[in-house]
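The chain contents come next:
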Amino acid sequence: MIKLKVDSKERTDMIEITDEVKRLVKESGVASGICLLFVPHTTGAVTITEYQDPNVMVDMLATMNNLIPFENDYKHEEGNSAAHIKSSLFNFSLEMIIDEGELVIGGYQGIYFCEFDGPRNRNVFVKIMEG
């Protein structure tokens, strides 16, 4: 298992990690298998979406922040309920296919770490399995 470090700079952010994950798959030498990403944080997530147009991420974050505002009548004492709700609507893990030594991902797809309670130093665990 490999720990990929991700540092967010904003309260909410989507940080592309596609190249790092592809590099780890390539370096693993696994020709056919599965790449698993796991986020061990309750206010962060991972997702796959379009990477060609950065406005997609702007739109996604704006929509999430409008639908789930930071300030509301939340009961959670820590004050970050909005971040917990947002991360629950995304994924804490992703599974992707490895074929012929490459990560199988669409031409317009990118892998993103989603920050909903930043800025913070985060981890994404990467497990590459053969078979």
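A few points on the structure. This is a predicted model, so every value here is computed, not measured.

## Description of unusual backbone geometry
- In the segment running from glycine 118 into proline 119, the intervening peptide bond is cis, with an omega of -5°.
- Its place among the elements puts proline 119 in the loop between strand S7 (109–115) and strand S8 (121–130).
- Although it is not a glycine, glutamate 100 sits at a positive phi angle of roughly 50°.
- Among the secondary structure elements, glutamate 100 is positioned in the loop between strand S5 (93–99) and strand S6 (102–103).
- What makes glutamate 100 exposed here is its relative accessible area of 70%.

## Structural notes on helix H1 (residues 18–28)
- Those residues of H1 that sit buried are Thr18, Val21, Leu24 and Val25. Buried residues of H1, seen end-on, are gathered within an arc of 135° and therefore sit on one face of the element. What points out from H1, more than 90 degrees from its buried face, is the exposed set Asp19 and Glu27.
- In the stretch just after H1, glycine 29 is the one whose phi turns positive, near 80°.

## What to know about the sheet that holds strand S1 (residues 2–7)
- Strand order in the open sheet formed by five strands is S1-S8-S3-S5-S6, and the pairing between neighbours is antiparallel. At either end of the open sheet lies a strand with only one pairing partner, and these are S1 and S6.
- Summarising the sheet, strand S3 (residues 32–38) and S8 pair through six bridges and their orientation is antiparallel. What sits directly across from leucine 36, in S8, is lysine 127.

## What to know about the pattern of salt bridges
- Considering all chains together, one arrives at five salt bridges under this definition.
- A salt bridge links arginine 23 to glutamate 27; its shortest N-O distance comes to 3.2 Å. Of the two residues, arginine 23 and glutamate 27 are both situated in helix H1; the distance of four residues between them amounts to about one turn of the helix.
- A residue is classified by how much of its surface remains accessible, and arginine 23, at 40% relative accessible area, is partly exposed.
- The shortest N-O distance in the salt bridge between lysine 75 and aspartate 73 comes to 3.0 Å. As far as burial versus exposure is concerned, lysine 75 and aspartate 73 are alike and both exposed.

Basis of the calculations
Chains are numbered independently. Their residues run from 1 in the order of the written sequence. Only residues with pLDDT of at least 70 are given local features in this predicted model, and only at 80 or more are side-chain atom pairs given and counted; all residues enter the totals for whole chains, interfaces and linings. Neither water nor hydrogens contribute to the side-chain values; these are computed over all heavy atoms in the structure. The numbering of helices and of strands both runs from the N terminus, where a helix is a DSSP run of H or I of at least 4 residues and a strand a run of E of at least 2. Burial classification: accessible surface area is computed with a 1.4 Å probe over protein chains only, and a residue below 20% of its type maximum counts as buried, one above 50% as exposed, and the rest as partly exposed. For this quantity, the arc is that covered by the directions from the helix axis to the C-beta atoms. What makes two strands pair is DSSP finding at least two bridges between them. Any carboxyl oxygen of Asp or Glu within 4 Å of a side-chain nitrogen of Lys or Arg constitutes a salt bridge here.

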